[in-house]
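# A structural walkthrough
Next come the chains, spelled out residue by residue.
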Amino acid sequence: MNSPPDTPSSADRPAVTDAELLTAHINGDPHAFSEIVKRHRDRMWAVALRTLGDPDEAADAVQDAFVSAYRKAGTFRGEAAVTTWLHRIVVNACLDRMRRKSVRPVADDELIEAAERDTPMPDQTGEREVSMEVSAALKMLPTDQRAALVLVDMMGYSVEDAAQVLEVPSGTVKSRCARGRAKLAPILSHLRNRSDLSRVSSAKGAELRDG
């Protein structure tokens with residue numbers, strides 16, 4: 001008697017892509033969008049926190065972004081990755097909040113707590129101090145320059161990927177980053193020779209970008 005064909009285990013089955021989940025959501029699957037949220041909420045939170053510098057405002061922006069994505073899923077055309085589409089929505093939600101009102105200053109303990117909740121890291125007081133100084137300096141920049149620097153310098157996105165998120169040419173992203181860095185240079189000049197500065201931005205961005 002012939003043996004029944006082997007059934008592939010769940011580990012052998014190809015993972016459902018973000019695009020497939022979004023299509024399933026559009027077609028009425030009640031669980032598909034929850035999976036999208038689960039996959040991307042940490043990165044959305046990181047983008048929002050670094051753009052707004054306020055945990056409460058960041059949480060509200062992420063919530064607004066996911067509500068918007070849920071309602072506008074049918075407008076997704078597949079011209080960019082789902083993650084790029086989601087980043088675009090959350091960045092726009094942040095920029096809307098920044099334009100509507102002045103974000104209140106962040107207490108030191110709030111920012112430390114938020115950073116730990118985002119991605120647990122070893123207790124490094126120096127890195128925390130640098131992170132808070134960089135966040136405070138970022139608040140002094142215009143919204144367009146801040147958004148570009150957050151994506152490129154803090155989250156580790158390429159200029160091309162950041163351009164897709166912000167829906168502007170790559171040259172515009174480069175220009176905004178250059179102007180933003182020029183404004184930050186005198187403010188953060190005392191950190192220039194500290195290795196903490198590069199670790200806070202590049203290592204953190206790599207972790208969040210690579211998941």
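Preceding block: the structure.
The residue count restarts for each chain, going from 1 along the sequence in the order it is written. Since the coordinates come from a predicted model, pLDDT governs what is reported: local features require at least 70, and pairs of side-chain atoms require 80 or more to be given and counted, while whole-chain, interface and lining totals use all residues. The side-chain numbers reported here are obtained from all heavy atoms of the structure, hydrogens and water having been left aside.

### Digging into the overall build of the protein
Across its full length, the protein carries 10 helices and zero strands. For the protein, the N- to C-terminal ordering of α and β elements is α-α-α-α-α-α-α-α-α-α. Buried, partly exposed and exposed residues are distinguished by accessible area as a fraction of the type maximum, computed with a 1.4 Å probe on protein chains only: under 20%, between the cut-offs, and over 50%, respectively. Of all 211 residues assigned to the protein, the portion counted as buried reaches 43%. Here a residue-residue contact requires only that any non-hydrogen atoms of the pair lie within 4.5 Å. A separation of at least 24 residues holds for 70% of the contacts in the protein among residues at least 6 apart in sequence. Accessible surface area values rest on a Shrake-Rupley calculation with a 1.4 Å probe, where residue burial reflects the displayed protein chains alone. Accessible area for the protein stands at about 11800 Å²; split by element, carbon and sulfur atoms hold 51% of it. For the purposes of this entry, the term helix denotes a DSSP run of H or I that reaches at least four residues, the term strand denotes a run of E that reaches at least two, and both are numbered from the N terminus.

### A few points about the pattern of salt bridges
Note on pairing: side chains with opposite charge can pair once their charged atoms come close. Should a side-chain nitrogen of Lys or Arg be within 4 Å of a carboxyl oxygen of Asp or Glu, the pair is scored as a salt bridge. Counted under the stated rule, the structure contains nine salt bridges. Residue Asp18 is joined to Arg39 by a salt bridge in which the shortest nitrogen-to-oxygen separation is 2.8 Å. Pair noted here: Asp18 is in helix α1 (residues 18–26) and Arg39 is in helix α2 (residues 32–52), with a separation of 21 residues, a long-range link. Here Arg39 falls in the partly exposed class, since its relative accessible area comes to 33%. Arg39 serves as the salt-bridge partner of Glu35, at 3.2 Å between the closest nitrogen and oxygen. Here Glu35 pairs with Arg39, and both are found in helix α2, just four residues apart, close to one helical turn. Here the salt bridges share partners, and the residues they tie into one network are Asp18, Glu35, Lys38 and Arg39.

### Remarks on the environment of Ala59
Here Ala59 lies in helix α3 (residues 55–71). Between the alpha carbons of Ala59 and Leu49 there is a distance of 7.9 Å; along the sequence they are 10 residues apart.

### What to know about unusual backbone geometry
Excluding glycine, a negative phi dihedral is what most residues carry, and trans is how most peptide bonds are arranged. With a phi close to 60°, Glu167 is a non-glycine residue in the positive phi region. Residue placement: Glu167 occurs in the loop between α8 (159–166) and α9 (170–187).

### Quick word on the packing of aromatic side chains
Two aromatic rings from Phe, Tyr or Trp, using only the six-membered ring of Trp, form a pair when their centres are within 6.5 Å; if the ring planes differ by under 30 degrees the pair is stacked, by over 60 it is edge-to-face, and anything between is tilted. Within this structure, the stated rule accounts for three aromatic pairs. Taken together, a centroid distance of 5.2 Å and an interplanar angle of 90° make the contact between Phe33 and Tyr70 edge-to-face. Of the two residues, Phe33 is situated in helix α2 and Tyr70 in helix α3; the sequence distance between them amounts to 37 residues. A relative accessible area of 8% places Phe33 in the buried class. According to the relative accessible area criterion, Tyr70 is partly exposed, its value standing at 48%. The rings of Phe33, Phe66 and Tyr70 are connected pair by pair, giving a single aromatic cluster.

### Some details on the nonpolar core
Note that soluble globular proteins tend to have their nonpolar side chains buried in a common cluster. Only buried residues count toward a nonpolar core. Its members are Ala, Val, Leu, Ile, Met, Phe, Trp, Tyr and Cys residues joined through side-chain atoms within 4.5 Å. Counting 54 residues, the largest nonpolar core has Trp85, Leu86, Val90, Val91, Leu138, Leu166 and Val173 as its most contacted members. Within the residue set of this core, elements represented by two or more residues are α1, α2, α3, α4 (82–100), α6 (125–138), α7 (143–154), α8 and α9. Counting residues per element, this core draws most heavily on α2, which supplies 11 residues. Apart from the residues lying within four places of it in its own chain, the contact partners of Leu138 are Arg50, Arg146, Leu149, Val150, Met154 and Leu184.

### Some points on the environment of Arg41
By the secondary structure assignment, Arg41 is in helix α2. What makes Arg41 partly exposed here is its relative accessible area of 45%. Remark: the alpha-carbon pair of Arg41 and Gln63, spanning 22 residues in sequence, is separated by 9.4 Å.

### Some details on the packing of α8 against α9
An axis is simply a line fitted to the C-alpha atoms; with a helix, the fit covers only the stretch in contact. Between two such axes, the angle follows the N-to-C directions and lies from 0 to 180 degrees. Close contact between α8 and α9 brings their axes to 8 Å; oriented N to C, the two are set at 100°. Taken together, the axes of α8 and α9 lie roughly perpendicular to each other. Seen from α8, the contacting residues are Val159, Glu160, Ala162, Ala163 and Leu166; seen from α9, they are Ser170, Val173 and Lys174. Just so you know the grouping, Ala, Val, Leu, Ile, Met, Phe, Trp, Tyr, Cys and Pro go in nonpolar, Asp, Glu, Lys and Arg go in charged, and all remaining residues, Gly too, go in polar. Grouping the constituent residues of the contact of α8 with α9 by class yields five nonpolar, one polar and two charged. When an angle is under 35 degrees it counts as roughly parallel; over 145 it counts as roughly antiparallel; between 65 and 115 it counts as roughly perpendicular; any other value is oblique.

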